[in-house]
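# A look at the structure
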Amino acid sequence: MKATANEKVVYILGAGFSAQFGLPVMSNFLEKSKDMYAIKDSRNFNGNKIDFFGDVYQEIDKLRRCKDFYASDMTNIEEILSLFEMGKMLGVESKQQIDFQNFIAEVIKYHTPSEFDDSEIDFAPLQKFIKNLFRVGSITGYGNTHYNSELPFYAILTFNYDMLLENALSNYRQKKSENYSAQFIEEKNFSNGKLPYIKLHGAVSDPQTIVTPTWKKAFGDNEASNWKNAGDILSEANHIRIIGYSLPITDSYLKYFLKWGAAHEQNLKSIDVICLDDEQHSVENRYREFIHNKLNFYNKSTSDYLDAVHDGIEDAHQNLFQKSQSPRVQFF
């Protein structure tokens, strides 16, 4: 649904958003880490040594014994980390457990694009999307920026650790003007040139903040502060847009977060979900079982979505909304 001037739009990004640009997801994380580890004998990436990866892999090999008795997917990093979390809870500490946050951070940083060529089909729509999020109408001489007052205000809440959007914004700023002042902020502050951007599970820029994807998610003081800011942002939302998040059955915390937001939102008008689905409509069915009103579901990828919003976010959403009146309609 199209948002109007000065309404509040909150994006919630899942792993599917970043995966479009080559970042690992839980199912291929281990494979991508081994590809990375095998590339250079120096085991040195961006000044960071990753020799400890070998110790991590040895510890993972020990866990494979459980497959002799129980159904286990030892190629999925979430399953592996959950087993380590259980060991920690049972008092079985190991150096490898301490290494895992750094392991996750290094793999994600390695696979995150840092330079963006506008001529590349994948990156040009992302750059345009970010520009529109900051309500940028045009950039005039001497780095002055004109903001479009007819657009809504935007905010981003993400479960991703990566620096994809930060890198894209930095690249855009360098190409347009050193004085271009648009920035992400880790607080609630809807305004021109400042976009609330909350990483709910931590960031690779500080591996100690990373909350690993396990059955037992523990949140420290910093994470609690992030969630509070996110809750304040969500309570003001007129429109919620979820991209690349399949609503896994195990992730009950997001459901309660959205329910809490609905209890405090004064005028929630739409919930748009953009996520690839299977032939059985498993993802859509999960969403429709959970969200009984205001839901528009689109079975498409991040790339499809960014291509659609290339020339304007709100016009694209108006078109999507019109095409979603009948159930299970696919757009484009």
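Preceding block: the structure.
The structure contained in this document is the topic of the report that follows. (Residues numbered from 1 in each chain as written. Predicted model: local features only at pLDDT ≥ 70, side-chain atom pairs only at ≥ 80, totals over all residues. Heavy atoms only, no water.)

Another point: the overall build of the protein. Secondary structure assignment for the protein yields twelve helices and eleven strands. For the protein, the residues scored as buried account for 52% of the 332 residues in total. Roughly 16100 Å² of accessible area belongs to the protein as shown, and the carbon and sulfur atoms make up 47% of that amount. (Helix = DSSP H or I, 4+ residues; strand = E, 2+ residues; numbered from the N terminus. Buried < 20%, exposed > 50% of the residue type's maximum accessible area, 1.4 Å probe, protein only. Areas by Shrake-Rupley, 256 points an atom, 1.4 Å probe, with all protein chains shown as cover.)

Take the packing of helix α3 (residues 53-63) against helix α4 (residues 77-89) next. Close contact between α3 and α4 brings their axes to 11 Å; oriented N to C, the two are set at 85 degrees. On the basis of the axis angle, α3 is roughly perpendicular to α4. Together, Glu 59, Ile 60 and Leu 63 of α3 and Ile 80, Leu 83 and Phe 84 of α4 make up the contact between the two elements. Residue classes in the contact of α3 with α4 are distributed as five nonpolar, no polar and one charged. (Axes fitted to C-alpha atoms, helices over the stretch in contact; angles between N-to-C directions. Parallel < 35°, antiparallel > 145°, perpendicular 65-115°, else oblique. Contact = heavy atoms within 4.5 Å. Nonpolar A, V, L, I, M, F, W, Y, C, P; charged D, E, K, R; others polar.)

What follows covers the pairing of strand β11 (residues 295-298). Burial along β11 is two-sided: the face carrying Leu 295 and Phe 297 and the face carrying Asn 296 and Tyr 298 are both buried. Sheet analysis places strand β10 (residues 270-274) next to β11, joined by four bridges and oriented parallel. From the neighbouring strand, Asp 272 faces β11, where its bridge partner is Asn 296. Chirality of the crossover, the property in question, places the unit of β10, helix α10 (residues 282-290) and β11 among those that are right-handed. (Pairing = 2+ DSSP bridges. Right-handed = clockwise from strand over helix to strand, strands pointing away.)

Membership of the largest hydrophobic core comes to 62 residues, with the highest contact counts inside it found for Tyr 11, Phe 103, Leu 126 and Tyr 305. Those residues in contact with Tyr 305 that sit more than four places away from it in its chain are Tyr 11, Phe 129, Arg 241, Ile 243, Ile 274, Ile 313, His 317 and Leu 320. Listed in part, the 32 residues of the second largest apolar core include Tyr 253, Leu 268, Ile 271 and Ile 291. (Core = buried A, V, L, I, M, F, W, Y, C linked by side-chain atoms within 4.5 Å.)

One pass over the full model with this rule turns up 23 aromatic pairs. Ring centres of Phe 17 and Phe 21 lie 6.5 Å apart, and the angle between their planes is 50 degrees; this geometry places the pair in the tilted category. Note on Phe 21: relative accessible area 8%, which makes it buried. With centroids separated by 5.5 Å and ring planes inclined at 75 degrees, the aromatic side chains of Phe 100 and Phe 103 adopt a geometry described as edge-to-face. Of this pair, Phe 100 and Phe 103 both sit in helix α5 (residues 95-111), three residues apart, which is roughly one turn of the helix. The same class applies to Phe 100 and to Phe 103, which are both buried. The ring of Phe 190 is capped by Lys 8, whose NZ or CZ atom sits 4.7 Å from the centre of that ring. The ring of Phe 153 has Arg 135 sitting right over it, with the charged end atom 3.8 Å from the ring centre. (Phe/Tyr/Trp six-rings, centres within 6.5 Å; stacked < 30°, edge-to-face > 60°. Lys NZ or Arg CZ within 6 Å of the ring centre and 35° of its normal.)

Interhelical geometry of helix α2 (residues 29-39) versus α3 gives an angle of 140 degrees and a closest axis separation of 11 Å. Handedness of the α2/α3 crossing: left-handed. Contact residues: α2 offers Leu 30, Ser 33, Lys 34, Met 36 and Tyr 37, while α3 offers Phe 53, Gly 54, Tyr 57 and Ile 60. By residue class, the composition of the contact of α2 with α3 is six nonpolar, two polar and one charged. (Left-handed = near helix turned anticlockwise from the far one by under 90°.)

Let's shift gears to α4. Two residues of an α-helix separated by three or four positions point the same way, owing to the 3.6 residues in each turn. Taking 1.5 Å per residue, 13 residues should reach 18 Å; α4 reaches 18 Å between its end C-alpha atoms and fits that length. Considered for burial, the residues of α4 that qualify are Ile 77, Ile 80, Leu 81, Ser 82, Phe 84, Glu 85 and Gly 87. Here α4 starts with a cap whose side-chain oxygen sits 2.8 Å from the backbone nitrogen of Glu 78, and that cap is Asn 76. Of the residues trailing α4, Gly 91 is marked for its positive phi of about 90 degrees. (Expected span 1.5 Å × (residues − 1). Polar contact = N/O pair within 3.5 Å; in protein donor to acceptor, adjacent residues only side chain to side chain.)

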